[in-house]
Amino acid sequence: MFQGVEMGVPVIVAKGAKPGKRVLLVSGVHGDELNSVGAVQQIFAKLDASTLSGGVIGSPNRPGVEWVTRKWPTSSLGTTLINPKSTWPARSPATRLSGSAG
Ligand SMILES: [Zn+2]
């Protein structure tokens, strides 16, 4: 599906005025569920980076949203697509992709 294809990914960042932890908000994990894309947009509209410690990063699952799919490509499984619901959260890199080929 995506082999050899470069793909830009939209990212929005709110960098806080003070150092701190960062959080990543990935929306559209299931590309047919778009409510999370709007939710992240609303969160960023309300963020005030001048009062924030750390940062917030938002990015959609671009392939999933564009192809309206629940499955993601992975570099380690060739053309096999995975449903992230069955692989997240990963306990370790070794177990992350186990059971995802089905
Ligand atoms: Zn979902």
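This one's a predicted model, so the numbers in the text were calculated from it and none came from an experiment.

Student: I would appreciate a short explanation of the overall build of the protein chain in the present structure.
Tutor: When you go through the protein chain residue by residue, the secondary structure sums to three helices and five strands. Order of helices (α) and strands (β) in the protein chain, N terminus to C terminus: β-β-α-β-α-β-β-α. Scored against the burial criterion, the 102 residues of the protein chain give a buried share of 11%. Considering only intrachain contacts with a sequence separation of at least 6, the fraction spanning at least 24 residues in the protein chain is 66%.

Student: Even after reading the chapter, I still don't get the pairing of strand E2 (residues 18-27), so can you show me in this structure?
Tutor: Along a regular strand, successive side chains alternate from one face of the sheet to the other. Counted residue by residue, E2 has one buried out of 10 residues, so it is predominantly exposed. Where E2 lies against strand E3 (residues 53-60), seven bridges are found, and the strand directions are parallel. When the bridges of E3 are listed, Val-26 appears paired with Ser-59. With respect to chirality, the unit in which E2 leads through helix H1 (residues 35-46) into the neighbouring parallel E3 is right-handed.

Student: Before we go on, may I ask you to explain the confidence of the model for the protein chain in this structure?
Tutor: Residues shown with low pLDDT carry predicted positions that ought not to be read at fine detail. For the protein chain, mean pLDDT is 83; residues scoring 70 or higher make up 82% of the total. The spread of mean pLDDT over the elements of the protein chain runs between helix H3 (residues 93-96), the lowest at 56, and strand E1 (residues 12-15), the highest at 97.

Student: Would you mind going over the sheet that holds E1 with me for this structure?
Tutor: Where strands meet in a sheet, backbone hydrogen bonds hold them as pairs that are either parallel or antiparallel. Read across the open sheet, the three strands follow the order E1-E3-E2; overall the sheet is mixed. Each having just a single partner strand, E1 and E2 make up the two edges of the open sheet. Adjacent strand axes in the sheet meet at a mean angle of 10° when their direction is disregarded. By the bridge criterion, four bridges tie E1 to E3 in an arrangement that is antiparallel. Residue Lys-15 lies in a different strand from E3, and its bridge partner there is Gly-55. Packed onto the sheet, H1 meets E1, E2 and E3 and runs at close to 155° relative to E2.

Conventions adopted
Residues numbered from 1 in each chain as written. Predicted model: local features only at pLDDT ≥ 70, side-chain atom pairs only at ≥ 80, totals over all residues. Helix = DSSP H or I, 4+ residues; strand = E, 2+ residues; numbered from the N terminus. Buried ≥ 20, exposed ≤ 12 C-beta atoms within 10 Å, placed from the backbone. Contact = placed C-beta atoms within 7 Å. Pairing = 2+ DSSP bridges. Right-handed = clockwise from strand over helix to strand, strands pointing away. pLDDT = per-residue confidence, 0-100. Axes fitted to C-alpha atoms, helices over the stretch in contact; angles between N-to-C directions.

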